[in-house]
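Each chain, written out:
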Amino acid sequence: MAKVRKNIFEELERVKKLVLDEFPDLEVRDLCKILGRLGTFHYNKRNKMLLGEDKALYDLLILNSYNPYTVYRWALLERVPDEIRFQLQNSHVSQKKASKISFERRHETESSLQVSIRRLGLELIRGM
């Protein structure tokens with residue numbers, strides 16, 4: 001039997017639609033933060049307690065057969081650059097590898113910027 005691979009971006013859109021139909025006042029940009037709390041709760045149930053809207057959202061995801069931590073990972077993958085997303089959609093990289101590449105690029109850019117700013121600062125000081 002062949003393994004059917006879901007398109008995570010389509011699945012994430014279904015989850016967003018489901019959540020926004022149930023909670024119309026919820027902001028989409030806050031959804032990732034809430035999903036992070038729900039995913040953490042899902043694996044560490046004895047350490048925390050969910051209340052109010054978080055509990056209702058958690059129950060909605062569970063009733064519709066969605067693992068909150070998986071949905072959170074999908075939401076994080078929505079932020080990756082387009083070329084990584086293209087590779088992910090075409091099954092050239094795994095979800096874990098796509099997250100790792102995105103993390104490395106984000107931090108690589110910051111460190112190269114820091115080096116260039118430091119170099120420019122030292123040149124300014126020397127010129128004084």
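Residues numbered from 1 in each chain as written. Predicted model: local features only at pLDDT ≥ 70, side-chain atom pairs only at ≥ 80, totals over all residues. Heavy atoms only, no water.

**Regarding unusual backbone geometry**
And step 1. Backbone geometry at S65 places phi at a positive 60°, although glycine is not the residue there.
And step 2. Note on placement: S65 falls in the loop between α3 (52-63) and α4 (68-77).
And step 3. Despite not being glycine, S91 has its phi angle at roughly 60°, a positive value.
And step 4. Mapped onto the secondary structure, S91 falls in the loop between α5 (82-89) and α6 (95-127).
And step 5. A residue is classified by how much of its surface remains accessible, and S91, at 44% relative accessible area, is partly exposed. (Helix = DSSP H or I, 4+ residues; strand = E, 2+ residues; numbered from the N terminus. Buried < 20%, exposed > 50% of the residue type's maximum accessible area, 1.4 Å probe, protein only.)

**Describing the pattern of salt bridges**
Pairing between side chains becomes possible if they bear opposite charge and their charged atoms approach one another.
And step 1. Going through the model one piece at a time under the given rule, you end up with eight salt bridges.
And step 2. Residue K16 pairs with E13 through a salt bridge whose shortest N-O separation is 3.9 Å. Linking K16 with E13, this pair stays in helix α1 (residues 8-22), spanning three residues, or about one helical turn.
And step 3. Owing to a relative accessible area of 13%, K16 belongs among the buried residues under this scheme.
And step 4. Between E78 and K16 there is a salt bridge; the shortest N-O distance is 2.7 Å. With E78 in the loop between α4 and α5 and K16 in helix α1, this residue pair connects regions lying 62 residues apart in the sequence.
And step 5. A residue is classified by how much of its surface remains accessible, and E78, at 27% relative accessible area, is partly exposed. (Salt bridge = Lys/Arg side-chain N within 4 Å of Asp/Glu carboxyl O.)

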